[in-house]
Amino acid sequence: MVYNMAMKLLPVARWNKEEKMSVATNRAWSIAVAVVLVMTVAGCFQKHLPPPTFPNEPDGFRGIKWGTDIARLPGMELVKNGGAEKYYVRPDEKLKIGDAIVEKITYGFYRDEFFKVTISLKGLMNYMHMKETLTGLYGDGDHVFGKSLYAWTGTKVNVVIEFNGVLNEGEVLYLYKPVMEKRTRETGSKPPKGTGDL
């Protein structure tokens, strides 16, 4: 008798289990289709999004336009000669930016084209003042979690500020992308020393 009742209820139990699996399967497929649809729509719009930029993207630094030939800049002093890549300073450089006092400002040239500025600073307060100046001019920037590093990515220029608390030093980099890309193409990127030993 118990066996007969169990046999009568078995199709109902089996149906309920199959129905639950069917509902779960349908829900999973619906979610998958929705995700694919959202990604497809986002992909369509992505082609029409403007390139990344930030407010007041600089076309140079302190009166020197990106890409300017070093021959057009008398008075620059060579401090490092790396062949095609050379670094200069201005002897009469103003070493104050906003409330920050900086140690040195170096101008980088690749094949005589202006492409990089490095601003060196010491002390947390100078870093904070410099970051305040940059965010006031360029907006909040992208913060790298867990580090004292902020970056602004533009159509032609990247700006980065970083602070090393252990050394109590900071640095601001301005990089002109067209010349950086040319440099990368011409020099290639070499793997770090020792990678062949792995």
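(A) Focus on unusual backbone geometry. Positive phi, normally seen in glycine, also occurs at Asn56, with a value near 60 degrees. Note on placement: Asn56 falls in the loop between helix H1 (2-46) and strand E1 (60-61). A positive phi angle, near 60 degrees, is found at Asn168, a position not held by glycine. Along the chain, Asn168 falls in the loop between strand E11 (157-164) and strand E12 (169-176). Residue class for Asn168 comes out partly exposed when judged on its relative accessible area of 38%.

(B) Looking closely at the pairing of strand E4 (residues 85-89). Within E4, four of the five residues are buried, which leaves it mostly tucked inside the rest of the structure. Pairing geometry for strand E3 (residues 77-82) and E4, over five bridges, is antiparallel. Across the sheet, Leu78 pairs through a bridge with Tyr88, a residue of E4. What sits between E3 and E4 in their antiparallel hairpin is a turn of two residues, with Gly83 showing a positive phi close to 80 degrees. In terms of strand pairing, E4 meets strand E7 (residues 104-110) through four bridges, oriented antiparallel. Each bridged residue has a counterpart across the sheet, and for Glu85 the counterpart in E7 is Tyr110.

(C) Geometry of the side chain of Asn126. Mapped onto the elements, Asn126 comes out in helix H2 (residues 124-138). Under the relative-accessibility criterion, Asn126 is labelled buried at 17%. The contact partners of Asn126, leaving out residues within four places of it in the chain, are Asp99, Ala100, Ile101 and Leu121.

(D) Inspection of the side chain of Thr118 at higher detail. Looking at the secondary structure, you find Thr118 in strand E8 (residues 113-122). Here Thr118 is in contact with Lys104, Ile105, Thr106, Glu171, Val172 and Leu173, once residues within four sequence places are set aside.

(E) The nonpolar core, seen in detail. Grouped together as the largest cluster of nonpolar side chains are 37 residues, with contacts concentrated most on Ile119, Met130 and Tyr174. Of all the secondary-structure elements, those providing two or more residues to this core are E4, E7, E8, H2, strand E10 (149-153), E11, E12 and helix H3 (177-187). Sorting elements by how many residues they give to this core places E8 first, with five residues. Other than its neighbours up to four places away in sequence, Ile119 contacts Phe61, Ile97, Val102, Lys104, Ile105, Met130, Gly170, Glu171, Val172 and Tyr174.

(F) Seen up close, the packing of aromatic side chains. With the rule as written, the count across this model stands at twelve aromatic pairs. Both rings, one in Phe109 and one in Phe114, keep their centres 5.4 Å apart while their planes meet at 35 degrees; by these two values the pair is tilted. Look at Tyr138 and Tyr174: their rings are 6.4 Å apart centre to centre, the planes differ by 75 degrees, and that puts the pair in the edge-to-face class. With Tyr138 in helix H2 and Tyr174 in strand E12, this residue pair connects regions lying 36 residues apart in the sequence. Judged by relative accessible area, which is 5%, Tyr138 ranks as buried. Feature note: the residues Phe54, Phe61, Trp66, Tyr88, Tyr107, Phe109, Phe114, Tyr138, Trp152, Tyr174 and Tyr176 constitute an aromatic cluster, connected by ring pairs.

(G) Fine view of the pattern of salt bridges. Enumeration over the complete set of coordinates arrives at six salt bridges. With a closest N to O distance of 2.6 Å, Arg183 and Glu85 form a salt bridge. Highlighted residues: Arg183 in helix H3 and Glu85 in strand E4, separated in sequence by 98 residues. A salt bridge links Glu186 to Arg111, with the nearest nitrogen and oxygen atoms 2.7 Å apart. Remark: Arg111 occurs in the loop between E7 and E8 and Glu186 occurs in helix H3; sequence separation between them is 75 residues. Take Glu186: its relative accessible area is 43%, and that puts it in the partly exposed class.

Reading the values: the criteria
Residues numbered from 1 in each chain as written. Predicted model: local features only at pLDDT ≥ 70, side-chain atom pairs only at ≥ 80, totals over all residues. Heavy atoms only, no water. Helix = DSSP H or I, 4+ residues; strand = E, 2+ residues; numbered from the N terminus. Buried < 20%, exposed > 50% of the residue type's maximum accessible area, 1.4 Å probe, protein only. Pairing = 2+ DSSP bridges. Contact = heavy atoms within 4.5 Å. Core = buried A, V, L, I, M, F, W, Y, C linked by side-chain atoms within 4.5 Å. Phe/Tyr/Trp six-rings, centres within 6.5 Å; stacked < 30°, edge-to-face > 60°. Salt bridge = Lys/Arg side-chain N within 4 Å of Asp/Glu carboxyl O.

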